[in-house]
Amino acid sequence: MKTLFNTAIVYLALGAVAALCVHGIAEQPWIAGASLLGSIPWHLGVGGFLVFLAATLFALRADYSGETLFRPFYIVYNVGVVLTAGSLLVKGLSLLTGTATPLAYTVYEAVGVVGGVLMVAGLVLLMMLLKKVVGHVAQKTPQA
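Parameters at a glance
- Residues numbered from 1 in each chain as written.
- Predicted model: local features only at pLDDT ≥ 70, side-chain atom pairs only at ≥ 80, totals over all residues.
- Heavy atoms only, no water.
- pLDDT = per-residue confidence, 0-100.
- Helix = DSSP H or I, 4+ residues; strand = E, 2+ residues; numbered from the N terminus.
- Salt bridge = Lys/Arg side-chain N within 4 Å of Asp/Glu carboxyl O.
- Buried < 20%, exposed > 50% of the residue type's maximum accessible area, 1.4 Å probe, protein only.
- Patch = residues over 30% accessible without salt bridge, like charges linked within 9 Å, V, L, I, M, F, W, Y side chains within 5 Å.
- Areas by Shrake-Rupley, 256 points an atom, 1.4 Å probe, with all protein chains shown as cover.
- Core = buried A, V, L, I, M, F, W, Y, C linked by side-chain atoms within 4.5 Å.
- Contact = heavy atoms within 4.5 Å.
- Phe/Tyr/Trp six-rings, centres within 6.5 Å; stacked < 30°, edge-to-face > 60°.
- Lys NZ or Arg CZ within 6 Å of the ring centre and 35° of its normal.

Caption draft 1: Spatial organisation of the confidence of the model for the protein chain. In this model, the protein chain carries an average pLDDT of 87, and 90% of its residues clear a pLDDT of 70 or more. Taking the mean pLDDT of every element in the protein chain, the minimum, 88, falls on helix H2 (residues 34–61) and the maximum, 92, on helix H3 (residues 70–97).

Encoded structure:
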C-alpha cells in the first residue's frame with residue numbers, strides 16, 4: 001500500500017515539475033512541439049498520479065499488494081507511463097529544436113504507442129486485481 005501511495009507522490013512531483021518546465025513553451029502554439037510538451041504533465045498527472053491514488057484508496061479497504069498480479073501490474077503500468085511521457089518529451093524537444101527527422105519521428109511514435117499499450121495492459125491487470133478484491137470484500141461483508 002505504501003508503494004502505491006509513494007508512486008502517486010512521485011508522479012505528482014514529476015507532473016508538477018513538467019508543468020513548470022513546459023508552461024512558457026506550451027502557451028506558444030506556433031512553436032513546434034509545444035502541444036506535445038504541454039501534454040506531458042497531463043500524462044504524468046492523470047496517467048500516473050490519479051491512477052496510483054485510486055489504487056491506493058482501494059488498497060486501504062483490502063490490501064492487495066501481496067496478490068500475484070500486483071507486481072506485473074506495477075511494473076507494466078509504470079513502464080507504460082514512463083515510455084509514453086518520455087516519447088512525448090523527446091518528440092516535442094526534437095520538434096522544438098528542429099532536429100526531428102522522419103525516421104526519428106516514427107521511432108518516437110512507435111515508442112509512444114508501445115507505452116500506451118503497456119498502460120492499457122497495466123490497467124487491465126489492475127482491474128483484474130480490483131475484481132478479486134471486491135469479490136473478497138463482498139464475501140466478508142454481511143448482507144442486509
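Once you've had a look at it, read on.
Caption draft 2: Local environment of the pattern of salt bridges. This structure, assessed with the given rule, holds two salt bridges. The residue Lys-132 makes a salt bridge to Glu-67 at a minimum N-O spacing of 3.1 Å. Of this pair, Lys-132 sits in helix H4 (residues 102–140) while Glu-67 sits in the loop between H2 and H3, placing them 65 residues apart in sequence. Among the residues examined, Lys-132 registers a relative accessible area of 40% and is labelled partly exposed. For Glu-109, the salt bridge is made with Lys-91, and the minimal N-O distance between the two is 2.4 Å. Residue Glu-109 is found in helix H4, and its partner Lys-91 is found in helix H3; the two are separated by 18 residues along the sequence.

Caption draft 3: Representation of a nonpolar patch on the surface in the model. A cluster of nonpolar side chains, namely Leu-89, Val-90, Leu-93 and Leu-96, defines an oily patch on the protein surface of about 290 Å² accessible area. Secondary-structure assignment places Leu-89 in helix H3. Judged by its relative accessible area of 38%, Leu-89 is partly exposed.

Caption draft 4: Examining the nonpolar core more closely. In this structure, Leu-4, Tyr-64 and Phe-73 are the most contacted members of the largest nonpolar core, which totals 28 residues. Of all the secondary structure elements, the ones that give two or more residues to this core are helix H1 (2–26), H2, H3 and H4. The leading source of residues in this core is H2, at nine residues. Setting aside residues up to four positions removed in sequence, Phe-73 forms contacts with Leu-4, Phe-52, Gly-122, Leu-125, Leu-126 and Leu-129.

Caption draft 5: Quick look at the packing of aromatic side chains. Using the criterion set out here, one finds eight aromatic pairs in the structure. Taken together, a centroid distance of 6.2 Å and an interplanar angle of 65° make the contact between Tyr-64 and Phe-70 edge-to-face. Like Tyr-64, the residue Phe-70 is buried in the burial classification. Through successive ring pairs, a cluster of aromatic residues spans Tyr-11, Phe-52, Tyr-64, Phe-70, Phe-73, Tyr-74 and Tyr-77. One Lys or Arg, Lys-91, reaches over the ring of Tyr-105 and ends 5.4 Å from the middle of that ring.

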